[in-house]
Amino acid sequence: MKLRFIITLLLLAVFGSATQARDITAQRTQKAIDRFVDDSLMRHASVGVIVTDLKSGKMLGGRNINLACITASTMKTVTSSAALELLGADFTFNTPVYLDGEIHGSTLRGNLVIVGRGDPTLGSVYFKDNLDIVHEVVEALNRQGITTIEGKVIVDNSLYRYPAYNGDWCADDLAWDYGMGLHALNYCDNRMKLVFTGKGDGTAENAHFEPDVPGVQIINRMRPSNEDNVGVLLEYANPAIILTGTAADTTYVFNVSNPTPGALLVDSLSRTLSKSGIRIANKQFSPSDRRWLLMTHKSPILTDIIASLLERSDNMFTEGLLKAIAVNSGREPTEAQGVEVIDSLFTSRGVDASGKFQYDGSGLARNNKAPVKFFADMLTYMSDRRFGSHQLRLVDLMTRIGINAKIGTQVPYSSISGMIASKSGSMRDVQCYVGYFPADEPQYAWAVLVNNWHGSRPNLKEMIDRLLLGIFAP
């Protein structure tokens, strides 16, 4: 991830030298905004647009700046900013592993206990350079000379409440790989592949998960048909992934939510221990008063986590930050408590959060709303805040349109390609963006929130591209 920052900064230097930021006039800015908002496609839309001069703090142009709109994933900038302020750039999630029982020679007469502390990155494919907890545990046991565990491998998932998902999320989202819940113990991004071959008679042949997750069922509720219209639902209580709709005669591969990541970690660790010559007897042992810290797994640092979640718009990672904010503030680890801390933070910094209605960290809840004025004020406050040994700003962790992000097809081929920092947010009937310009040394904050427009999403994105070109291009 540190290499990613270096490459990004070099790219920004190249793009920035090609087109330096110019003074943007209020007249031209407002004209571009009016043209966008007054388009016939926005006739029934809830739309807010704002551009703010960071140096003066004044608005250069805007429409409906106090209208609270559904934010989608632009809410991730709010949670990420609060995490930088409250947790610090070098914050890491720590996952302790204990030997619970008595050690006799090379034998542990008790259990190996992994205590979940909310790390969303444990075993993540997005941090392959980070140490794998499974191999860390094996190496730590080898250093202790332990060759037999008479008890079990146990996951302590008690830090966070059941269920793992947010109650304001839509049920249709929970089974997919963007709607996975946040557990105290997360593993392998809390996702798995669901593979099966559909048949016109409604059957699902050779249905299985990759990797196999012990205890999770696949329940088929598909109807007979040759129409390709498969849906999936998540049932936490079983737990199970339920197939719905209809399937064509083909093989399906879906990335779905894993409702029991702790079970996957226990299975993975148990298999690896066995291959390494460490025997697990799986006898029943009650918790003892003799618990020894074997090792502690550390996550990547916060700035790396934020850069990853902003680029990929990872909901589960962001929920991890929200609950960490609550925990590290001495609060109960709930979404509501985390949001209260965030609101108090920004209010104390002079940012009016009264128009922000936040119910999760990621923006997946459709009742999350905020006005563009809030985003402009928050981005203004964060614009010159630097964190950690690398003195990174929020803008340094955001994507760049034309480098690792795009909206429409026009900005990437324009003179300002690579100069606009952004975070997008989208869901049904929602398309939003917030960011900075220019990305290397921001002079302006901007936000565009659109709900319920007429026409296609690609057409709207082209309109937003034209809006940004009309404001920022020379």
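Residues numbered from 1 in each chain as written. Predicted model: local features only at pLDDT ≥ 70, side-chain atom pairs only at ≥ 80, totals over all residues. Heavy atoms only, no water.

## A closer look at the overall build of the protein chain
Per the secondary structure count, the protein chain includes 10 helices and 20 strands. Rg of the C-alpha trace for the protein chain: 24 Å, near the compact-globule value of 23 Å for 474 residues, within the 12% margin. Projected onto its principal axes, the C-alpha positions of the protein chain cover 80 × 60 × 40 Å. The long-range share in the protein chain, meaning contacts at least 24 apart out of those at least 6 apart in sequence, stands at 70%. Surface accessibility of the protein chain: about 19600 Å² in total, with carbon and sulfur atoms responsible for 48%. Here the protein chain holds 47 positive side-chain charges and 49 negative ones, and the gap between their average locations is 3 Å. (Helix = DSSP H or I, 4+ residues; strand = E, 2+ residues; numbered from the N terminus. Rg over C-alpha atoms; globule rule 2.2 N^0.38 Å. Contact = heavy atoms within 4.5 Å. Areas by Shrake-Rupley, 256 points an atom, 1.4 Å probe, with all protein chains shown as cover. Lys, Arg positive; Asp, Glu negative; His and termini not counted. Charge placed at Lys NZ, Arg CZ, Asp CG, Glu CD.)

## Topic: the sheet that holds strand S8 (residues 191-198)
Here 3 strands make up an open sheet; going across it, the order is S9-S8-S13 and the pairing antiparallel. Bordering the open sheet on either side are strand S9 (204-210) and strand S13 (251-257), each of which pairs with just one other strand. When the angles between neighbouring strand axes are averaged without regard to direction, this sheet yields 20°. (Pairing = 2+ DSSP bridges. Axes fitted to C-alpha atoms, helices over the stretch in contact; angles between N-to-C directions.)

## Points about the confidence of the model for the protein chain
Per-residue confidence for the protein chain gives a mean pLDDT of 94, with 95% of residues at or over 70. Confidence over residues 9-21 falls short of pLDDT 50; this stretch has 21 contacts with residues more than four positions distant or in other chains. (pLDDT = per-residue confidence, 0-100.)

## So, the side chain of Asp173
Within the fold, Asp173 resides in the loop between strand S7 (153-156) and S8. Salt bridges are absent for the buried Asp173, whose nearest opposite-charge side chain, Arg428, sits at 6.8 Å. Other than its neighbours up to four places away in sequence, Asp173 contacts Tyr178, Gly179 and Leu364. (Buried < 20%, exposed > 50% of the residue type's maximum accessible area, 1.4 Å probe, protein only. Salt bridge = Lys/Arg side-chain N within 4 Å of Asp/Glu carboxyl O.)

## Concerning the sheet that holds strand S11 (residues 229-235)
Taken in spatial order, the 3 strands of this open sheet run S10-S12-S11, and their pairing is mixed. At either end of the open sheet lies a strand with only one pairing partner, and these are strand S10 (217-220) and S11. Put simply, the sheet's adjacent strands are angled 25° from each other on average, direction ignored. Across 4 bridges, S10 lies against strand S12 (residues 240-246) in parallel orientation. Bridging from a neighbouring strand, Ile218 pairs with Ile241 of S12.

## Things to note about helix H8 (residues 335-348)
The terminal C-alpha atoms of H8, which comprises 14 residues, lie 20 Å apart, in line with the 20 Å expected from a rise of 1.5 Å per residue. Against the buried residues of H8 lie helix H3 (75-87), helix H7 (315-328) and helix H9 (372-382). Phi for Gly350, located one or two positions after H8, is positive at around 85°. (Expected span 1.5 Å × (residues − 1).)

## Observations concerning H3
The first and last C-alpha atoms of H3 sit 18 Å apart over 13 residues, in line with the 18 Å expected at 1.5 Å per residue. Among the 13 residues that make up H3, 12 are buried, leaving the element largely enclosed by the rest of the structure. Looking only at H3, the buried set comprises Met75, Lys76, Thr77, Val78, Thr79, Ser80, Ser81, Ala82, Ala83, Leu84, Glu85 and Leu87. Where H3 is buried, its residues meet helix H6 (302-312), H7, H8, H9, strand S18 (421-427) and strand S19 (430-437). Just past H3, the residue Gly88 takes up positive phi, approximately 95°.

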